Amino acid sequence: MNALNLSQWQFAITTVYHFFFVPITIGTSFLVAGMQTAWVRTGDEKWLRATKFFGKLFLINFAMGVVTGIVQEFQFGMNWSDYSRFVGDIFGAPLAVEGLLAFFLESTFLGLWIFGWDRLPKKLHLATIWLAATGTLLSAYFILAANSFMQHPVGYVFNPETQRAEMTDFGEVLLQPLAMITFSHVITMAFMVAGLFVAGISAWLVSKKRSLDMARSTLKLGAVTAIVAFVLTGITGDMQATKMVEIQPMKMAAAEALYETAAPAPFSIFTIGTLDGSEPVFSIDIPHGLSLLATHSWDGEVQGINNLQAQYEQEFGPGNYKPNIPAAYWNFRLMIGFGFLGVLIAIYLLWATRKERIPESKWFSRLAIFGIITPLLGASTGWIFTEMGRQPWVVFSLMLTQNGVSPTVSVTQVLISMTVFTLLYGVLAVVEVGLLMRAVKIGPPDSVEVNYPDKVGEDRPLTVTY
């Protein structure tokens, strides 16, 4: 146990915890905006009740995401000061724009949406939620652009006098192909998470025979969103895998436990390796499968772990350049498995409630709630694979993780902060789940009457009846 390992664990805990809120926030903001748009266009009150109900759940999640995100960013200065010194002006630039532009956009217009129900004209008020949702997309893009630099550093030069990497092209950092591919993959995944979030809660309401007219409509909206998003997530994931073979071949080799370069390369369905992950013992493979996935050709060559290790030793010097093979291998499969399970649950929810049926089995409501969790687990294991597969680099090919940790932070200090954060996040998890469960149990309002003013500043009463 040392400061490096503890700092890695602390960052992993805070990041995975924070990311539980991110996809729900991004996807649900657009679904709520869609619900309000449906009400404005049709005048059907069920969409207004859906907007108020799921808007409340969205706001609870948004608040928790803000709190945990702030703590996460502090760690770059606290635990990773050498990393921040080395690439801070590159990595920090997209994050600064995210905070100054995107976050202020989403938070400002979200505030106008919350307090503007009886103060803004109807269409202007509708525009505020769409602008807030757009802000979540921009936030995601700038953050993912910063992460993409860590995966594939571009737009910089190394200054031998300052011993720092210095940015030369901000546009290249923001617009490199990896950032765009990663963004598309993360956003489609966020819509899958949000779709099952809405569908699962709606299915629970249907099983309890509450607000059936609204719940049936939002269940279909959420389930269809999840199914379409699953297909798009698969397409963008394939694009990301192809790019990964190009810029981080070791990560793909680790994901498939491919130890020797092969052409054609098989896709591993199941592999058992040695305890240290240094070589396979038993595997079940699909011939040519990895070649098709990684290179889109029947006999494409895919580099193996041992070959890449030898290549990196020649290029970067002696050292172990292999990631944790079992962690990369199994998280890659868990990511895909949880995604498939989530879309199957979405299809089942649609099938079980077809023709206005109300399932009586207690397993229906339990499966609906479990469906909310599955894509979140898939997203989390996907990020664990992405970050652990890059190791031992904190910035691939540029800076080793062991060289980025704060040199003056002691084991005791990191252990205390990690323990405090873990306990605090445990409390926040109880608060978050408790608030969501309370709001869901209260359910949607029985009726909502909104009297929008004709112009800004003209007060009108807002009536909500439960």
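Residues numbered from 1 in each chain as written. Predicted model: local features only at pLDDT ≥ 70, side-chain atom pairs only at ≥ 80, totals over all residues. Heavy atoms only, no water.

### Considerations on unusual backbone geometry
Trans peptide bonds make up the majority, and among non-glycine residues the majority have a negative phi.
Step number 1: Backbone torsion omega between Ala263 and Pro264 reads 5°, so that peptide bond is classified as cis.
Step number 2: By secondary structure assignment, the location of Pro264 is in the loop between α9 (249-255) and β3 (267-273).
Step number 3: A cis amide bond links Gln391 with the next residue in sequence, Pro392, at an omega value of 15°.
Step number 4: For Pro392, the location among the structural elements is in the loop between α13 (362-390) and β5 (393-395).
Step number 5: Its identity as a non-glycine residue notwithstanding, Ser211 has a phi of 45°, on the positive side.
Step number 6: Within the secondary structure, Ser211 is located in the loop between α7 (177-207) and α8 (212-247). (Helix = DSSP H or I, 4+ residues; strand = E, 2+ residues; numbered from the N terminus.)

### Focus: the pattern of salt bridges
Step number 1: Scanning all chains against the criterion turns up eight salt bridges.
Step number 2: Two residues, Arg49 and Asp213, come together in a salt bridge whose shortest N-O distance is 2.7 Å. Highlighted residues: Arg49 in helix α3 (residues 45-78) and Asp213 in helix α8, separated in sequence by 164 residues.
Step number 3: Beyond isolated ion pairs, a larger network of salt bridges with shared partners links Glu45, Arg49 and Asp213. (Salt bridge = Lys/Arg side-chain N within 4 Å of Asp/Glu carboxyl O.)

### Observations concerning the pairing of strand β2 (residues 164-167)
Step number 1: Here strand β1 (residues 156-159) pairs with β2 via four bridges, running antiparallel. Residue pairing for β2: Val157 is matched across the bridge by Glu166.
Step number 2: Joining the antiparallel neighbours β1 and β2 is a turn of four residues, in which Gln163 adopts a positive phi near 55°. (Pairing = 2+ DSSP bridges.)

### What about the layout of surface pockets?
Step number 1: Considered as a void within the structure, the second largest pocket measures approximately 830 Å³ in volume.
Step number 2: Taken together, 34 residues line the second largest pocket, and the ones lying closest to its centre are His185, Thr233, Gly237, Gln240 and Met335.
Step number 3: Residue assignment for the lining of the second largest pocket shows that the elements contributing at least two residues are α5 (122-151), α7, α8, α12 (325-352) and α13.
Step number 4: With nine residues, the single largest contributor to the lining of the second largest pocket is α8. (1 Å grid on protein atoms, 1.4 Å probe; cavity = no way out; pocket = protein on both sides within 12 Å on 5 of 7 lines; lining within 4 Å. Points joined across faces, edges and corners; volume = space filled by probe spheres on them.)

### Points about the side chain of Asn159
Step number 1: Inspection of the secondary structure assignment puts Asn159 in strand β1.
Step number 2: At a separation of 3.1 Å, a polar atom in the side chain of Asn159 contacts the side chain of Glu166.
Step number 3: In this structure Asn159 touches Arg164 and Glu166, once residues within four positions along its chain are discounted. (Polar contact = N/O pair within 3.5 Å; in protein donor to acceptor, adjacent residues only side chain to side chain. Contact = heavy atoms within 4.5 Å.)

### Considering the packing of aromatic side chains
Step number 1: Evaluated as defined, the whole model comprises 30 aromatic pairs.
Step number 2: With a centroid separation of 4.5 Å and 20° between ring planes, the pair formed by Tyr17 and Tyr425 is classed as stacked. In this pair, Tyr17 sits in helix α1 (residues 3-19) while Tyr425 sits in helix α14 (residues 411-442), placing the two residues 408 residues apart along the sequence.
Step number 3: The class of Tyr17 is buried, set by a relative accessible area of 13%.
Step number 4: Each member of the aromatic cluster is reached from another via a ring pair, and the members are Tyr312, Phe316, Tyr321, Trp393 and Phe396.
Step number 5: The aromatic ring of Trp363 is capped on one face by Arg366, whose charged end is 4.8 Å from the ring centroid. (Phe/Tyr/Trp six-rings, centres within 6.5 Å; stacked < 30°, edge-to-face > 60°. Buried < 20%, exposed > 50% of the residue type's maximum accessible area, 1.4 Å probe, protein only. Lys NZ or Arg CZ within 6 Å of the ring centre and 35° of its normal.)

### Some details on the side chain of Thr381
Step number 1: For Thr381, the position within the fold is in helix α13.
Step number 2: Residue Thr381 is classed as buried on the basis of its relative accessible area, which comes to 9%.

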